[in-house]
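# Report on the structure
Residue strings, one per chain:
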Amino acid sequence: MKDPFQVPQYRWLYSLLLLLFLADLGYSFVQYYHQSMDGDMAWCLMPAPDVQAVFDSPLGLKAITEGTPYANPNRYVSHASFRAYMLHMPLGLQAFVSPIDSIYLAAALAKTLIHLALVLLLATYISGSFRPGRWDFMGLCVLLTPFFQANGYRHQMGIVDPATTYTFFYALPMVLLLLYFWPFFRREFHEVEFKIPVWQAGLWGILAWMVCFSGPLNPGIVLVLALILGGRKLLQAWATGKRGAAWLRAIPRAYWLWLGPICLMALYSLYVGTFNSMAGTEQIPLVERFARLPEGLVNLLFQKLGFPILILMLLINHQLFYRFGAAERQKKFVRLSRLAMLFILLYLLLLPLGGFRIYRPLVVRYDTFLPVTLVLIGLFGAMSHALWHSLSAKQFRWYVPPLLVVAAIFTLADPPGLERNACERAALERLAQSKAKVVPLPEACPVIAWETVGDATLSDGPAWLIHRWGITEQKILFYHEPAEKP
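This one's a predicted model, so the numbers in the text were calculated from it and none came from an experiment.

## Digging into the overall build of the chain
- Looking only at helices and strands, the chain has 20 helices and two strands in total.
- The C-alpha radius of gyration of the chain comes to 24 Å, within 12% of the 23 Å expected for a compact globule of 486 residues.
- Seen along its three principal axes, the alpha-carbon backbone of the chain occupies a region of about 75 × 60 × 45 Å.
- Buried positions account for 52% of the 486 residues belonging to the chain.
- Taking all contacts inside the chain whose residues are at least 6 apart in sequence as the whole, residues at least 24 apart take part in 77%.
- Taken as a whole, the chain presents about 22400 Å² of accessible surface, with 67% of it coming from carbon and sulfur.
- Computed over 40 positive and 29 negative side-chain charges, the inter-centroid distance for the chain is 15 Å.

## What to know about empty space enclosed by the protein
- Using the criterion set out here, one finds three cavities of 30 Å³ or more in the structure.
- In this structure, the largest cavity spans a volume of roughly 60 Å³.
- Taken together, D24, Y27, S28, Q31, T145, P146, F148, Q149, F410, T411 and D414 make up the lining of the largest cavity.
- Split into classes, the residues belonging to the lining of the largest cavity amount to four nonpolar, five polar and two charged.

## Some points on the pattern of salt bridges
- The full count for this structure, using the stated rule, is nine salt bridges.
- Salt-bridge contacts for E288 lead to R292; the nearest nitrogen and oxygen are separated by 2.8 Å. Of this pair, E288 and R292 are both found in helix 14 (residues 286–302), four residues apart, which corresponds to roughly one turn of the helix.
- Looking at E288, the relative accessible area reads 32%, which means it is partly exposed.

## Concerning the packing of helix 15 (residues 306–324) against helix 17 (residues 370–388)
- At a minimum axis distance of 10 Å, the contact between helix 15 and helix 17 shows a crossing angle of 35°. In this structure, helix 15 meets helix 17 at a crossing whose hand is left-handed. Between helix 15 and helix 17, the residues in contact are F307, L310, M313, L314, N317, H318, L320 and F321 and T373, L376, I377, L379, F380, M383, S384, A386 and L387, respectively.
- Split into classes, the residues belonging to the contact of helix 15 with helix 17 amount to 13 nonpolar, four polar and no charged.

## Considerations on a nonpolar patch on the surface
- Nonpolar side chains collect at one region of the surface, where L286, F290, L342, L345, L349, L350 and L353 lie side by side and expose about 570 Å² of accessible area between them.
- Among the elements of the structure, helix 14 and helix 16 (327–350) are those that each provide at least two residues to the nonpolar patch.
- The dominant element in the nonpolar patch, judged by the number of residues it contributes, is helix 16, at four residues.
- In this structure, L345 sits in helix 16.

## Things to note about the nonpolar core
- Of all hydrophobic cores here, the largest spans 149 residues; its most connected members are L118, Y180, F181, F184, F369 and W469.
- In this structure, F369 is in contact with L297, L300, L301, F307, L348 and V364, ignoring residues within four places of it in sequence.

## Details of helix 3 (residues 49–56)
- Residues of helix 3 that are buried include every one of V51, A53 and V54, and no others. For helix 3, the buried positions fall inside an angular range of 145° around the axis, keeping them on one side.
- Considering only its buried residues, helix 3 is in contact with helix 2 (41–45), helix 4 (61–66) and helix 5 (76–93).

## Structural notes on the packing of helix 5 against helix 9 (residues 164–190)
- One way to put it is that helix 5 packs onto helix 9 with a least axis distance of 9 Å and a crossing angle of 120°. Viewed along their axes, helix 5 and helix 9 adopt a mutual orientation that is oblique. The element helix 5 and its partner helix 9 pack so that their crossing is right-handed. Seen from helix 5, the contacting residues are V77, S78, H79, S81, F82, Y85 and M86; seen from helix 9, they are T164, T165, F168, F169, L172, P173 and L176.

## Focus on the layout of surface pockets
- Computed from the structure, the second largest pocket encloses a volume of approximately 980 Å³.
- Lining the second largest pocket we find 38 residues, and of these Y125, I126, F185, F189 and L336 sit closest to its centre.
- Element by element, the count of residues in the lining of the second largest pocket is highest for helix 9, at nine residues.
- A per-class count over the lining of the second largest pocket returns 25 nonpolar, six polar and seven charged.

## Examining the state of the cysteines
- Tallied over the full model, the rule gives one disulfide.
- Each disulfide pairs two cysteine sulfurs, and for C423 the partner residue is C445, the sulfurs being separated by 2.1 Å. Measuring handedness by torsion sign, the sulfur bridge of C423 and C445 sits at about -95° and is left-handed. In this pair, C423 sits in helix 19 (residues 422–433) while C445 sits in the loop between strand 1 (438–441) and helix 20 (460–468), placing the two residues 22 residues apart along the sequence.

## Section: the pairing of strand 1
- The alternating pattern of strand 1 places V439 and L441 on a buried face and V438 and P440 on a face that is not buried.
- As judged from the four bridges shared by strand 1 and strand 2 (residues 477–480), these two strands associate in the parallel manner. The residue bridging V439 from the neighbouring strand is F478, located in strand 2.
- In this view, the connection linking strand 1 to its parallel neighbour strand 2 by way of helix 20 has right-handed handedness.

## Points about the environment of G67
- Considering the arrangement of structural elements, one finds G67 in the loop between helix 4 and helix 5.
- G67 sits in the partly exposed class, given a relative accessible area of 44%.
- Spatially, the C-alpha atoms of G67 and R357 are 22 Å apart, while their sequence positions differ by 290 residues.
- Aside from chain neighbours lying at most four places away, what touches G67 is K62 and F275.

Criteria and thresholds
- Sequence order sets the numbering: in each chain, residues are counted from 1 along the sequence as written.
- With the structure being a predicted model, the display of local features is reserved for residues of pLDDT at least 70 and the display and counting of side-chain atom pairs for 80 or more, all residues being used for whole-chain, interface and lining totals.
- The basis for every side-chain value is the complete set of heavy atoms in the structure, and neither hydrogens nor water enter the calculation.
- The numbering of helices and of strands both runs from the N terminus, where a helix is a DSSP run of H or I of at least 4 residues and a strand a run of E of at least 2.
- Each radius of gyration reported is based on C-alpha atoms, and the globular scaling rule is 2.2 Å times the count of residues to the power 0.38.
- Accessible area is worked out with a 1.4 Å probe on protein chains only. A residue is then buried under 20% of its type maximum, exposed over 50%, and partly exposed in between.
- Any pair of residues with heavy atoms lying within 4.5 Å of one another is described as a contacting pair.
- Exposure was quantified through the Shrake-Rupley algorithm and a 1.4 Å probe, taking into account, for residues, occlusion by the shown protein chains and nothing else.
- Positive residues here are Lys and Arg, negative ones are Asp and Glu, while His and the chain termini are left out of the count.
- Charge coordinates come from a single atom per side chain, which is NZ of Lys, CZ of Arg, CG of Asp or CD of Glu.
- In the cavity and pocket records, a cavity denotes points on a 1 Å grid over the protein atoms alone where a 1.4 Å probe fits but cannot get out, a pocket denotes an open set with protein on both sides within 12 Å along at least 5 of 7 lines, and lining residues are residues with an atom within 4 Å of a point.
- Grid points are joined across faces, edges and corners, and a volume is the space filled by probe spheres set on the points.
- Three categories are distinguished: nonpolar for Ala, Val, Leu, Ile, Met, Phe, Trp, Tyr, Cys and Pro, charged for Asp, Glu, Lys and Arg, and polar for the others, with Gly belonging to the last.
- Definition used for salt bridges: Asp or Glu carboxyl oxygen within 4 Å of a side-chain nitrogen of Lys or Arg.
- Orientation is described by lines fitted to C-alpha atoms, with helices fitted over the stretch in contact, and by angles between N-to-C directions that extend from 0 to 180 degrees.
- Two helices that cross are described as forming a left-handed crossing if the nearer one is turned anticlockwise from the farther one by less than a right angle, and a right-handed crossing if clockwise.
- For patches, a residue must show more than 30% relative accessible area and have no salt bridge; joins then use 9 Å for like charges and 5 Å for nonpolar side chains, namely Val, Leu, Ile, Met, Phe, Trp and Tyr.
- What we call a nonpolar core is a set of buried Ala, Val, Leu, Ile, Met, Phe, Trp, Tyr and Cys residues that are connected through their side-chain atoms within 4.5 Å.
- The reported arc concerns the directions from the helix axis to the C-beta atoms and nothing else.
- Roughly parallel here means an angle under 35 degrees, roughly antiparallel means over 145, roughly perpendicular means 65 to 115, and every remaining angle is called oblique.
- What counts as a disulfide here is a pair of cysteine sulfur atoms lying within 2.5 Å.
- A pair of strands counts as paired when DSSP detects no fewer than two bridges linking them.
- By definition, the crossover connecting two strands over a helix is right-handed if that path, from the first strand to the second, turns clockwise as seen with the strands pointing away from the viewer.

What follows is the structure, given as structure tokens:
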């Protein structure tokens, strides 16, 4: 169909889409603003002794040379960015808002910016270029952003974690990963020549290190993507009868140059990750971990309507695409769909190898499933985008209402949650107004913690952080009074 943005009388469409996108993004910001502080904040920001080891050895060399495990030795980038942001941004915002408001505002801004970055990157991957002034690019943003659930389906398909710590540990690394692999995707699926100027080599080297040292998921994803990108070239060359050096030359020189170093760094990061003290002692056999994976997937995919609706729309798009899509686009999306499914399969098979965590008894959870969630959402957006440009004007008018229904379902399923941090706020107000060194809290809710505390000495970390943010004039310990028996 003809591009409506190129027709003057339809330029209102872009303005409407932009307004819808900003409204949805603003709604998400309000949701993020009313989320509580998480229980790992003080542990990471003080930092605790085992986290300090991460800052002492950004490359994880301390774990190898001393042979002593410590927390997250291959997560320096996430820790450093989180600590730099959450220790300083609230203090900067206090020029405009109160100290208590500043911490929630800082967390909401970080989540919203990461949310925005992921939506824009997905839209760029799908459309082939970063052109937010086009109607179809903005349409993609409107289509994708309802899937970013702050409440609603968050336990199944959460992307931006309600815990600010884990937004920096999971969603932010995905931003870095998408930035690094953009030139490869653009060459493979948009047929734009691979161009990274030599003078940018150093910057790309730094980005590669940031990708691999921002957590345990990215190194495995890097290796899976490299295997898919390189393996596809090798299989094509083998099918044409190439062998030996000619077979290896089937992988473009740019791939060797830019994939080789990041793969070596990913392997090193995975090795460093074996010294992670957070792995715990409660391990179960590898066979049992694989046996639990199907149950975890069923619970994740079918516990609520989020994933079933997304999968149904993928199937509908698939059928529409094969009926109305242009032949050239059909070939491209057959390849894209197959590679996406291959990535999902390989990634899920790698998950049990990462060890067992008591808080993830079925191995897979919304946070470890995040790469798959982004792939499925991206695939849905890509097929929808292709259909927009393949359908006739009449067919397009029939296609838009189902998309609006999906967007409405996800938006309505994601309530504001304006009361989520009300109890914690009340406790912080009580601490801010107190002059005592130890304060009992009647509110039965955690304060910058996962659980309430009955012993004031257990509040030392949160108390330090509350004072560091300027909420209290001195470090004030606190404890929660036991609930009165009826």
